[in-house]
Every structure is written in C-alpha cells, then in structure tokens.
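The chain contents come next:
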Amino acid sequence: MLDIKFVRDNVDAVAEALARRGFQGSFDEFLESNRRRLALLKEAEELRNRRNTVSQEIGRMKRSGIDASEIMAEMKSVGERIRLIEEDIRIIEDKQSEFLLNVPNMPHRSVPVGRDETENVEIRRWGEPRRFDFEPLNHWDIAERLDIIDFQRGAKIAGSRFAVMKGMGARLERALMNLMLDEHTSRGYKEIFPPLMVNRASMTGTGQLPKFEAELFRVLDPEYYLIPTAEVPVTNLHREEILNELDLPIYYTAYTPCFRREAGSHGKDVRGLIRQHQFNKVELVKFVRPEDSYNELEGLTLDAEAILQKLNLPYRVIVLCTGDMGFSAAKTYDIEVWLPGQDRYREISSCSNFEDFQSRRADIRFRRDGKKGTEYVHTLNGSGLAIGRTVVAILENYQQANGSVLLPEALRPYMKAEVIE
RNA sequence: GGAGGGGUGGCUGAGCGGUUGAAAGCGGCGGUCUUGAAAACCGUUGUAGGAUUAUAUCCUACCGUGAGUUCGAAUCUCACCCUCUCCGCCA
C-alpha cells in the first residue's frame with residue numbers, strides 16, 4: 001500500500017511512476033475524497049471536544065446537585081451529529097483503502113521501463129550450459145524412466161498439476177530441502193517452519209489479497225487460505241509489531257509447501273514439474289532498515305545464487321522491467337536456471353525488494369536507537385530455491401546417455417548416493 | 001465438542017460510569033551522589049491523526065475486535081477473535 005500522505009503530496013510523481021509499470025487508474029477521485037475526509041474529521045473532532053468538556057461539566061453539576069437536563073438534551077443531539085459524520089468518514093475510508101489496496105507499488109528508479117517479459121534485462125550469467133553428445137530428454141521422460149516421479153497417479157489421487165515423488169525422487173526433494181536450509185542457516189538466516197494456512201489479514205499484509213483471491217486455495221469454515229509462498233506467514237511474523245533498530249536486519253529462511261491455483265495459466269507447462277498446484281520451496285525473507293534495502297536485495301539474490309553454484313547449475317540473473325514486476329515489488333531479480341530439455345533458461349527464484357509497501361499494509365515498523373517515533377521497515381524476499389524446479393534442473397542437466405542421473409557433488413552426502421539409476 | 005477463568009501501556013499488575021492516557025512495581029532514559037560502577041534518591045518514559053512556522057503548545061482517537069446503551073464507557077450489554085484450566089475426542 002502506498003502512503004496516503006505521500007500520494008497526496010506527490011500525485012504527479014506517483015502517477016508517473018505507476019504509469020511506467022502500466023497502471024491506469026486516476027487519483028483525482030482519491031484526492032477529492034481525501035479532502036472531504038479531512039474536513040469531516042476536523043468537524044467531528046471539534047464536536048467531540050465540545051462533548052468531552054460539557055460532559056465533564058455535567059458531572060460536576062450533578063455532583064453539586066444542579067439540574068443538567070437541558071445541556072444533556074443538547075449533548076444528545078451533538079452525539080447524533082457526531083454519529084452521522086463518523087458514518088460518512090467510515091464510508092470514505094473504506095473506499096479509500098479499497099482503492100489503495102489495489103494500487104501496485106512504485107518501481108524503483110533503477111528498474112528498466114518495459115511492457116512485458118520480453119523487455120527484462122539480463123544482468124549476469126554463471127556457468128556454461130553443458131554440451132551433450134546425445135539428445136537431452138525432458139525431465140518428465142527422465143523421471144518416468146527412473147520411476148521417481150509419477151504424474152499419472154498424481155492426477156488420479158488429486159488431479160492435474162499434482163505429482164507423486166517416489167523413491168530417489170522423494171529423497172531428492174528431501175535432500176534439496178536440507179541442503180538449502182543448511183546453506184542459508186549457515187549464512188545467518190534463522191530457520192522458521194510456519195503454518196501453511198493463514199488468515200485473511202496475513203494475506204492482505206503481504207499483498208495477495210484483495211486483488212489476487214483467484215490465485216489462492218481457500219479453506220472454508222473456518223476460513224483460511226493455503227499459503228502460495230512462505231513469504232506470507234514469515235513476513236506476517238512481525239505484523240503489527242514495532243521492531244528495535246538494533247535487531248535489524250532480521251533474516252529468516254523457511255521451507256514450506258506452496259499452493260497455487262494457477263488460474264490464469266491453462267495450457268501452460270501442463271507437462272512435468274514446472275507448474276504444480278503444490279510445490280516445495282525454501283524461502284528467504286528479510287526485514288531491514290530503509291537505507292539498507294537495496295544492498296540487502298543484492299545480498300539476498302547472491303544467497304539464492306549460492307545454491308545453484310553449489311549444485312553447479314548454469315543460470316542467469318535478470319532484472320524484471322516495470323511491466324513484468326509483481327504487484328507488491330519495487331524491484332525484482334529473477335534467477336533463471338538452464339534447462340537443456342527445454343533448451344532455455346527458466347525461472348527458479350524471484351528476489352524482490354518491497355520497500356515499505358508490505359510493511360505499511362502489515363504495519364511492521366521499527367524504532368531508531370535512541371530516537372522517538374517509528375518508521376516502516378523494508379521487507380524483501382526471494383526463493384532460495386523452488387525445490388521442484390531444482391529437481392527439474394538436476395534431472396535435465398545431469399542426465400547421462402544411459403538414462404541415469406549423476407548427482408552433483410554437494411548433494412551426494414544428502415542422497416547417500418552418487419547416481420540415480 | 002462440553003464447563004468455567006481471562007484479554008489494560010516494553011513487561012507484571014490496579015482500576016467505583018464522570019480531573020484515568022490510565023495507580024503501583026519492574027525495565028528503559030536523564031540527573032544527583034561516586035575516582036568509576038552498584039545501591040539509594042529525584043525526574044522522565046506509548047502510538048496514530050489533526051491545528052500551528054515549529055520534535056514547544058493544543059485538540060482527537062486508541063485499555064483484544066466490532067456494534068450498542070449513556071450527556072459521558074477501560075468500567076454496563078451483545079457478537080466475534082484470541083488465550084488459560086478441567087472433561088471428552090484425536091495425530
């Protein structure tokens with residue numbers, strides 16, 4: 001959510017920044033209703049002030065036995081007027097927050113302007129895509145031959161976009177989870193295992209709601225939402241809290257399953273493990289001081305890259321252009337891993353700085369050491385990494401001519417094996 | 001699921017429907033004392049919105065959340081949320 005006062009005082013700059021990411025709305029009505037709200041607020045406060053002082057006077061009169069029925073009657077009508085004004089204010093505020101909750105974040109000035117993913121900009125590459133002396137297979141062919149992923153039965157017991165991991169496939173999933181958590185905790189991230197279902201306030205805090213309800217799985221009675229990423233519960237850990245500057249930065253890492261409706265992606269990636277309704281992910285989340293957040297974004301991205309380097313998987317880092325960024329982000333790097341089976345780079349991690357967009361929604365503040373008052377923290381998060389897609393990358397990059405998969409060195413202790421065959 | 005007890009400031013914990021934004025203690029901060037520290041003593045110590053040139057002053061709101069009663073509610077009523085104890089059920 002954007003800052004009402006900032007929007008009010010910088011409408012043109014805000015509108016310009018949002019136009020860069022393709023946002024169309026107008027702020028005219030918002031500004032007008034904001035003016036009305038302030039006028040009403042002032043009126044209500046003056047009336048309340050009068051009521052407070054007179055009510056005290058009534059108390060004094062009653063104690064000394066003076067009849068106060070006349071001013072009591074007058075105050076009754078003042079009370080009615082306050083009630084009416086408050087009702088008007090409430091209506092305006094509801095409309096305003098509904099509007100603001102649906103306005104995306106402003107892109108950072110370093111973000112390239114562009115319309116869609118074709119205008120994202122590559123920042124760096126790491127590793128050399130391997131040359132195969134045979135035709136590399138898709139991961140689903142590799143996995144089915146090795147009998148480590150069962151898509152058919154996944155569909156039978158749940159539906160499309162579900163898979164069953166079996167044997168060394170299941171172990172690979174578990175091994176990656178451990179390798180990633182070990183790596184991140186050794187870099188100073190605190191491990192969290194949060195609830196996988198959260199309430200509406202949490203989903204609103206990180207920006208999934210109200211705009212993206214269609215992408216979430218929902219539990220009825222009692223009402224919960226399945227998390228689409230650990231970002232949601234982990235960022236909301238500090239919702240409505242005032243943190244101490246000396247405790248910042250806070251680094252968390254969390255393994256969780258993630259649940260997504262994938263409502264808008266019919267026909268996309270229908271085969272294989274790339275796009276599932278349920279997938280595992282290790283997430284990185286940071287709470288930092290505003291002045292540190294862009295450095296922290298670089299560090300966060302490097303921490304995610306470290307996993308790919310350990311696994312010796314070639315990748316590139318791109319910065320998303322204004323038109324391709326997520327709703328809440330001010331700047332996003334995507335890490336894309338090389339997939340020989342698809343002959344292209346595919347997203348395996350997305351690392352974003354949200355600045356104070358989420359912290360304002362979720363009311364996560366901090367107090368400067370020795371200073372009065374509070375400020376919003378900056379929040380960041382990134383995948384470190386999506387485990388299902390890492391499985392895909394390992395299968396495709398490490399496949400052998402005989403159909404087996406040689407395991408990356410770093411994974412062998414976790415797998416208690418050198419090869420899947 | 002059944003029965004009962006609670007939700008007050010950073011923490012503990014008072015609070016008759018009317019000088020309670022809220023006692024007291026702890027913690028924090030400042031000071032006196034001390035070579036220094038501790039102890040003791042004194043003072044201070046929430047958040048947000050608004051008025052004003054102003055971190056000084058003033059106003060408003062906030063005692064789980066939301067409605068209600070009242071001239072006036074932390075204090076009364078209702079609903080919801082959370083939490084604790086006991087019983088039942090259960091991985």
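Just so it is clear, the model here is predicted, and its values are computed rather than measured. (Residues numbered from 1 in each chain as written. Chains lettered and ligands numbered in written order. Predicted model: local features only at pLDDT ≥ 70, side-chain atom pairs only at ≥ 80, totals over all residues. Heavy atoms only, no water.)

1. Observations regarding helix 7 (residues 168-186)
Along its 19 residues, helix 7 runs 26 Å from first to last C-alpha, staying within 8% of the 27 Å computed at 1.5 Å per residue. Inspection of helix 7 places Gly169, Leu172, Glu173, Ala175, Leu176, Met177, Leu179, Met180, Leu181, Glu183 and His184 among the buried residues, and these make up the whole buried set. A positive phi of about 100° marks Gly188, the residue just after helix 7. (Helix = DSSP H or I, 4+ residues; strand = E, 2+ residues; numbered from the N terminus. Expected span 1.5 Å × (residues − 1). Buried < 20%, exposed > 50% of the residue type's maximum accessible area, 1.4 Å probe, protein only.)

2. Some words on the sheet that holds strand 15 (residues 375-376)
Here we have three strands laid out as an open sheet, ordered 8-14-15, and mixed in their pairing. Taken across any chain shown, the strands that pair with only one partner, and hence form the sheet edges, are strand 8 (241-244) and strand 15. Pairing analysis gives two bridges linking strand 14 (residues 364-367) to strand 15, with the strands arranged antiparallel. By the bridge assignment, Phe366 is partnered in strand 15 with Glu375. (Pairing = 2+ DSSP bridges.)

3. Overview of the domain arrangement of chain A
With domains assigned, chain A is organised as domain 1 (4-101) and domain 2 (117-420). On a C-alpha basis, the centres of domain 1 and domain 2 stand 43 Å from each other. (Domains from an automatic or database assignment.)

4. Notes on the protein's contact with RNA strand B
As a matter of local geometry, RNA strand B sits amid 22 residues, with Asn49, Ser55, Met72, Arg367 and Thr374 nearest to it. The protein-proximal atoms of RNA strand B, defined as those within 4 Å of the protein, are 70% sugar or phosphate. Glu45 is positioned such that a nitrogen or oxygen atom in its side chain is 3.2 Å from a base nitrogen of RNA strand B. Taking Asn49, its side chain carries an N or O atom lying 2.7 Å from a sugar or linking oxygen of RNA strand B. With eleven residues, the top contributor of residues to the surface near RNA strand B is helix 3 (residues 28-63). (Near = heavy atom within 4 Å. Polar contact = N/O pair within 3.5 Å; in protein donor to acceptor, adjacent residues only side chain to side chain.)

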